[in-house]
Amino acid sequence: ARAVAAALQCPRDGCGECNDCRTALSGAHPDVTLVRTEKLSIGVDEVRDLVRRASMSPTMGQHQVLVVEDADRVTERGADALLKSIEEPARRTVWLLCAPTTDDVVVTIRSRCRQLQLRTPRVSAVAQLLESDGVDAGTAAYAARAAQGHIGRARLLVRDEGVRNRRREVLQIPGRLRDLGACLIHAQNIVDAATEESTSITAEIDAREQAELEEALGMGTRGARPRNTAVALKELADQQKARTKRYQRDALDRVLTEFTTYQRDVLSVQLLSGAGLVNEEMRREITAVAQRTTPESTLRRIDAVLACRTALETNVAPLLAVEAMLIGFVEG
């Protein structure tokens, strides 16, 4: 989407070298707005700000371009506020809405957009890209399979041993579930790990934002608090809480993705599909699970993962959602 935005501003249709291209790709172009929320949703107030920006004429470029990375997170009220601007945009305004699938976008918005489907990169293509970065062939192949077309995830797996270790620990959980007690213990561990990960990411950012806001409000070193600061401090606290929840949700979603690849591999072996395994390094364990279970039970376990994802999206308590999923794994 950023490349399209750059091409729209570039006098040579996207040369990648001129000032318009470089600033559009980096997010510094005055007529290219890049939107990526750190919250669970994009609300009506944020959408109204974007609509006001969309109504302006470009200052330097050929178009006013708005790139919304998480268009699937726009709420229904936000979609209502966005509808008019999408349906009848200003003459030189272009909206680029990004989402995992078109079905994830509110239908009233989706029906008024031109849809462009992008192909997921092949595992071999991702591996080749990693090798061009200097990664050895074995590690590149592992990361490409594990990432399932997500280049950013593949690069993170290559660079961070801690990420690889956490993934390995998650994939060992299905084989350790024997009874209800094990399900509850592992569910708690999964949620605790996701919470710890999100907190570690946001703690430093939260502290910096708190200090900057206190300085802006004139709160002195002696702890003096001017009038009417409580509202601003509470608003910041709410935003930080929403961001932490978003990072926790993302961490849990990665766990669900790993469970899906595990069950997919089991089903592939059971059906003798001949497809390569995502978790090739676990072939022996996956084959053993496939032999002592049935395809029907594996499909029910995949349904349990999907049900957990749906529960999290509807704000069910994470611990309850994960517990229900792991119990579903045991019951088959």
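Report on the accompanying structure.

**What to know about the overall build of the protein**
(1) Moving on: Secondary structure summary: the protein contains 14 helices and three strands in total.
(2) Moving on: Dimensions of the protein, computed from C-alpha atoms along their principal axes, come out at roughly 65 × 55 × 40 Å.
(3) Moving on: Considering the protein as a whole, with its 332 residues, one finds that 37% of them fall into the buried category.
(4) Moving on: Counted over contacts in the protein with a minimum sequence separation of 6, partners at least 24 positions apart contribute 65%.
(5) Moving on: Here the protein has roughly 19,200 Å² of accessible surface; of this, 51% comes from carbon and sulfur atoms.
(6) Moving on: Distance between charge centroids for the protein: 2 Å, based on 46 positive and 47 negative side chains.

**Things to note about the packing of aromatic side chains**
Each aromatic ring pair is summarised here by two numbers: the centre-to-centre distance and the angle between the ring planes.
(1) Moving on: Within this structure, the stated rule accounts for one aromatic pair.
(2) Moving on: With 5.4 Å between their ring centres and 80° between their planes, Phe-259 and Phe-329 make a pair best called edge-to-face. You can see Phe-259 sitting in helix 11 (residues 230–270) and its partner Phe-329 sitting in helix 14 (residues 318–331), a full 70 residues away along the chain. Like Phe-329, Phe-259 is buried.

**A short note on the pattern of salt bridges**
Opposite charge on two side chains permits pairing when their charged atoms draw close.
(1) Moving on: A complete count under the given rule lists 21 salt bridges for this structure.
(2) Moving on: Between Arg-112 and Glu-87 there is a salt bridge, and its shortest N-O distance comes to 3.1 Å. Separated by 25 residues along the polypeptide, Arg-112 in the loop between helix 5 (107–110) and helix 6 (123–132) and Glu-87 in helix 4 (residues 76–87) bring together distant segments of the chain.
(3) Moving on: Judged by its relative accessible area of 34%, Arg-112 is partly exposed.
(4) Moving on: With a relative accessible area of 44%, Glu-87 lands in the partly exposed category.
(5) Moving on: Arg-243 is the partner of Asp-206 in a salt bridge, and the nearest nitrogen-oxygen pair spans 2.6 Å. In this pair, Asp-206 sits in helix 10 (residues 180–216) while Arg-243 sits in helix 11, placing the two residues 37 residues apart along the sequence.
(6) Moving on: The class for Arg-243 is buried, based on a relative accessible area of 5%.
(7) Moving on: Shared partners join several salt bridges into a network, and the residues in it are Arg-145, Arg-153, Arg-167, Glu-258 and Glu-281.

**Overview of the sheet that holds strand 3 (residues 93–97)**
(1) Moving on: Taken together, the three strands give an open sheet; going across it, the order is 1-2-3, and neighbouring strands pair in parallel fashion. Of all the strands in the sheet, the pair left with one neighbour each is strand 1 (32–35) and strand 3. Pairs of neighbouring strands in the sheet enclose a mean axial angle of 10°, with direction left out of account.
(2) Moving on: Bridge count between strand 2 (residues 64–68) and strand 3: five bridges; the pairing is parallel. The partner of Gln-64 across the bridge, within strand 3, is Thr-93.

**Regarding the packing of helix 6 against helix 7 (residues 137–147)**
(1) Moving on: Helix 7 packs onto helix 6 with a crossing angle of 135° between their chain directions and a minimal axis gap of 8 Å. Relative to helix 7, the element helix 6 lies oblique. As helix 6 runs across helix 7, the sense of the crossing is right-handed. On the side of helix 6, the interface is formed by Val-123, Val-126, Ala-127, Leu-130 and Glu-131, while helix 7 contributes Ala-137, Ala-140, Ala-141, Ala-143, Ala-144 and Arg-145.

**Considerations on the environment of Ser-41**
(1) Moving on: Mapped onto the secondary structure, Ser-41 falls in the loop between strand 1 and helix 3 (44–54).
(2) Moving on: Using a relative accessible area of 30% as the deciding quantity, one classes Ser-41 as partly exposed.
(3) Moving on: Put simply, Ser-41 and Asn-19 are 22 residues apart on the chain and 33 Å apart in space, counted from C-alpha to C-alpha.

**Looking at the nonpolar core**
(1) Moving on: Core analysis: the largest hydrophobic core is formed by 23 residues, its most contacted members being Ile-190, Phe-259, Cys-308, Val-322, Met-325, Leu-326 and Phe-329.
(2) Moving on: Elements with a minimum of two residues in this core: helix 10, helix 11, helix 13 (295–313) and helix 14.
(3) Moving on: For Val-322, the residues in contact, after removing those within four places along its chain, are Ala-187, Ile-190, Val-191, Leu-252 and Cys-308.
(4) Moving on: Counting residues in each nonpolar core, the second largest holds 15 residues, with Val-35, Val-74, Leu-82 and Trp-95 among its members.

**What about the side chain of Glu-323?**
(1) Moving on: Secondary-structure assignment places Glu-323 in helix 14.
(2) Moving on: Buried charge Glu-323 goes without a salt bridge, the closest partner of opposite sign being Arg-249 at 16 Å.
(3) Moving on: Excluding its chain neighbours within four sequence positions, the residues that come into contact with Glu-323 are Leu-184 and Ala-187.

Rules used throughout
- Residues numbered from 1 in each chain as written.
- Predicted model: local features only at pLDDT ≥ 70, side-chain atom pairs only at ≥ 80, totals over all residues.
- Heavy atoms only, no water.
- Helix = DSSP H or I, 4+ residues; strand = E, 2+ residues; numbered from the N terminus.
- Buried < 20%, exposed > 50% of the residue type's maximum accessible area, 1.4 Å probe, protein only.
- Contact = heavy atoms within 4.5 Å.
- Areas by Shrake-Rupley, 256 points an atom, 1.4 Å probe, with all protein chains shown as cover.
- Lys, Arg positive; Asp, Glu negative; His and termini not counted.
- Charge placed at Lys NZ, Arg CZ, Asp CG, Glu CD.
- Phe/Tyr/Trp six-rings, centres within 6.5 Å; stacked < 30°, edge-to-face > 60°.
- Salt bridge = Lys/Arg side-chain N within 4 Å of Asp/Glu carboxyl O.
- Pairing = 2+ DSSP bridges.
- Axes fitted to C-alpha atoms, helices over the stretch in contact; angles between N-to-C directions.
- Parallel < 35°, antiparallel > 145°, perpendicular 65-115°, else oblique.
- Left-handed = near helix turned anticlockwise from the far one by under 90°.
- Core = buried A, V, L, I, M, F, W, Y, C linked by side-chain atoms within 4.5 Å.

Purely geometric stuff here, so don't read any function into it on its own.
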